[in-house]
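Spelled out, the chains give:
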Amino acid sequence: MKIRVSQYFFRSPDEIGFDNYLVLVLLLLIVVIGFLATITNYALQLSWYTTLSTAISTAVFLPIYFYTRIRRRYIVSKYAIVIFSLLILNIQWFINYGSTGPVLYLFIVLESFIIVFFKNYVKLAATIILLVNITVLFAIEYYQPGMFGKYPTDFARLSDLYIGMIVYFLISVYLINVAVKFYVNEQKKAQLADKLKSAFLANMSHEIRTPMNGILGFAELLKEPNLNGDLQQKYIAIIEKSGTRMLNIINDIMDISKIESGVMKISLTESSINEQVEFIYNFFKPEVEAKGIRFSFKTTVPFKESIITTDREKVYAILTNLVKNAIKYTDRGDIEFGYEIVQRKKTQLLQFYVKDTGIGISRESQAVIFERFVQADIADKMARQGAGLGLSITKAYVEMLGGTIWVDSEEGNGSVFYFTLPYDTCQQVK
Ligand code: ADP
């Protein structure tokens, strides 16, 4: 509950980056503190300009907060925060007894935001402006000491200073803790990525070497001058199969690196799911029937209602991958796939399934098969082949389209892979 509420106000720093998270926290903090201060100032009947100054900062920052939270235009807000804060600090400094009040320390807090928000010359320029600003304040206070009022009592001055100090202290502790946690997380992620990269290299060299050996080995055998026609055809078929296998692996590697580097784009068009299901059925029918397995599909939605706005190529790749796996890991029985409309929490979804009566997947393996390079422990791994990339690409595609994927399987008794897609003709995909 606590996490959900804070997610609503701020979003998570892992999702949007620490600096952008700080923008949201800061904006909300200024709005809340400004609002409370305005009420307190009004209740204490302080001078009208003191009350007005906090009211104005609340009124300025509230729309900036909503703008940033909804439109996600963080960079504009960073400039807005620094410029308005500087203005307000100067006004507050003037109203709040210059250097004898608590405002001067806020320049240090502002500088720490500048360090997080900006890079290179913008950071340098903002820091110089801040230093010049402080120098000017010093000069004003030095040459015009009479401009400022004095605290009515020593107690008022001390309370103001110490309360201010405690508030800055708490804010700094909170933000430094969030920053440390964020960067420790980032470091862990980087270490994990490094480990996966090594696993990737080891796995890929194996996956590429095996078909390559097939191609080179059988090409060598083809050189035999007195080879009979049957054997020649057999060797050529093996070379072709190894070539196709290598091409598949290279395509998978390219897809996964596009997904990981974030360049894999979604292109939305209107597409009939019924048509896609039928196409895939007709495409794989000869291969499945040649294996002696029954093959069927189910589309319960009328054609017109089966048209949704989605990325046609990705839906095709998802279904193809799952059907291909079902064929690969099934030796007898049936393979059936299809989809239906289901209702989840007031929204309608398309729920797809690909069901086989194949070797099934153990509980432990079910937990990891969607991760990269994972192949469940199967006795004849070499006979089935695969780089363990198919399901991770499939999962990434499903999630890019706004759905989820899961598996229900029992070892020895077959598997059902399910995935959902939003059922919306004017679908919003992030
Ligand atoms: P691979 O290239 O090894 O098939 P995938 O990512 O497509 O890689 O699948 C990962 C693992 O999940 C496979 O190695 C296999 O052990 C298991 N798997 C996937 N689909 C099925 C299925 N329909 N039946 C049984 N096991 C499956």
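Rules of the game
Residues numbered from 1 in each chain as written. Predicted model: local features only at pLDDT ≥ 70, side-chain atom pairs only at ≥ 80, totals over all residues. Heavy atoms only, no water. Helix = DSSP H or I, 4+ residues; strand = E, 2+ residues; numbered from the N terminus. Rg over C-alpha atoms; globule rule 2.2 N^0.38 Å. Contact = heavy atoms within 4.5 Å. Salt bridge = Lys/Arg side-chain N within 4 Å of Asp/Glu carboxyl O. Buried < 20%, exposed > 50% of the residue type's maximum accessible area, 1.4 Å probe, protein only. Phe/Tyr/Trp six-rings, centres within 6.5 Å; stacked < 30°, edge-to-face > 60°. Lys NZ or Arg CZ within 6 Å of the ring centre and 35° of its normal. Pairing = 2+ DSSP bridges. Axes fitted to C-alpha atoms, helices over the stretch in contact; angles between N-to-C directions. Expected span 1.5 Å × (residues − 1). Domains from an automatic or database assignment. Core = buried A, V, L, I, M, F, W, Y, C linked by side-chain atoms within 4.5 Å.

**Student:** Give me the lowdown on the overall build of the protein chain, citing residues and values where you can.
**Tutor:** The secondary structure content of the protein chain amounts to 14 helices and seven strands. The C-alpha atoms of the protein chain give a radius of gyration of 32 Å, which is well past the 22 Å a tight globule of 430 residues would have. Considering only C-alpha atoms, the protein chain reaches an extent of 110 × 50 × 35 Å along its principal axes. Expressed as a percentage of contacts within the protein chain between residues at least 6 apart in sequence, the contacts between residues at least 24 apart total 71%.

**Student:** If you had to explain the pattern of salt bridges to someone new, which residues and values would you point to?
**Tutor:** Using the criterion set out here, one finds 10 salt bridges in the structure. For E186, the salt bridge goes to K189, with nearest N and O atoms at 3.4 Å. Of this pair, E186 and K189 both sit in helix 8 (residues 154-222), three residues apart, which is roughly one turn of that helix. Looking at E186, the relative accessible area reads 33%, which means it is partly exposed.

**Student:** So what's going on with the packing of aromatic side chains? Which residues, and what values?
**Tutor:** Tallied over the entire structure, the rule returns 23 aromatic pairs. Between F182 and Y183, the ring centres sit 5.0 Å apart and the planes meet at 80°, which makes this aromatic pair edge-to-face. For F182, a relative accessible area of 8% gives the class buried. The structure contains a cluster of three or more aromatic residues connected by ring pairs, namely Y79, F113, F117 and F118. The ring of Y397 has K314 sitting right over it, with the charged end atom 5.4 Å from the ring centre.

**Student:** Describe the sheet that holds strand 4 (residues 334-344), and please don't skip the residues or the numbers.
**Tutor:** Spatially, five strands are ordered 2-4-5-7-6 in an open sheet, and the strand pairing comes out mixed. A single partner strand is all that each edge strand has here, and the edge strands are strand 2 (294-299) and strand 6 (405-410). Ignoring which end each strand starts from, the neighbouring axes of this sheet average 20° apart. Note that strand 5 (residues 347-356) and strand 7 (residues 414-422) share eight bridges and pair antiparallel. Note that in strand 7 the partner of V354 across the bridge is F417. Sitting on the sheet, helix 11 (residues 312-328) is in contact with strand 2, strand 4, strand 5, strand 6 and strand 7, with an inclination near 30° to strand 5.

**Student:** Which residues make up helix 7 (residues 120-143), and what are the values?
**Tutor:** Counted at 1.5 Å a residue, the expected span for helix 7 with its 24 residues is 34 Å, and the 35 Å between its end C-alpha atoms agrees. Restricting attention to buried positions, one finds in helix 7 the residues V122, A126, L130, N133, L137 and E141. Those residues of helix 7 hidden inside the fold are in contact with helix 5 (74-95) and helix 6 (106-117).

**Student:** Got a sec to walk through the domain arrangement of the protein chain? Specific residues and values, please.
**Tutor:** Taken domain by domain, the protein chain holds domain 1 (2-152), domain 2 (198-261) and domain 3 (269-429). Just the C-alpha atoms count here: the centres of domain 1 and domain 2 sit 63 Å apart.

**Student:** Before we move on, can you summarise unusual backbone geometry with the specific residues and values?
**Tutor:** Residue Y97 is not a glycine yet carries a positive backbone phi of 65°. Residue placement: Y97 occurs in the loop between helix 5 and helix 6. The backbone of N120 sits at a positive phi, close to 45°, despite the residue not being glycine. Mapping N120 onto the fold places it in helix 7.

**Student:** Let's hear about the nonpolar core: which residues, and what values?
**Tutor:** Grouped together as the largest cluster of nonpolar side chains are 42 residues, with contacts concentrated most on L319, F337 and F419. Elements supplying a minimum of two residues to this core: helix 9 (229-260), helix 10 (273-290), helix 11, strand 4, strand 5, helix 14 (390-400), strand 6 and strand 7. Broken down by element, this core gets its largest block of residues, seven residues, from helix 11. Each of domain 2 (198-261) and domain 3 (269-429) accounts for three or more of the residues forming this core. Among the nonpolar cores identified, the runner-up in size contains 39 residues, and F61, V82, L89 and W93 belong to it.

**Student:** Account for the pairing of strand 4, naming residues and giving values.
**Tutor:** Regular strands show a simple pattern: their side chains alternate between the two faces of the sheet. Relative to strand 4, strand 2 runs parallel, the two being bridged by six bridges. Along strand 4, the bridge assignment pairs F295 with I335. Direction of pairing for strand 4 relative to strand 5: antiparallel, over a ladder of 10 bridges. When the sheet's bridge partners are listed, F337 is paired in strand 5 with V354.

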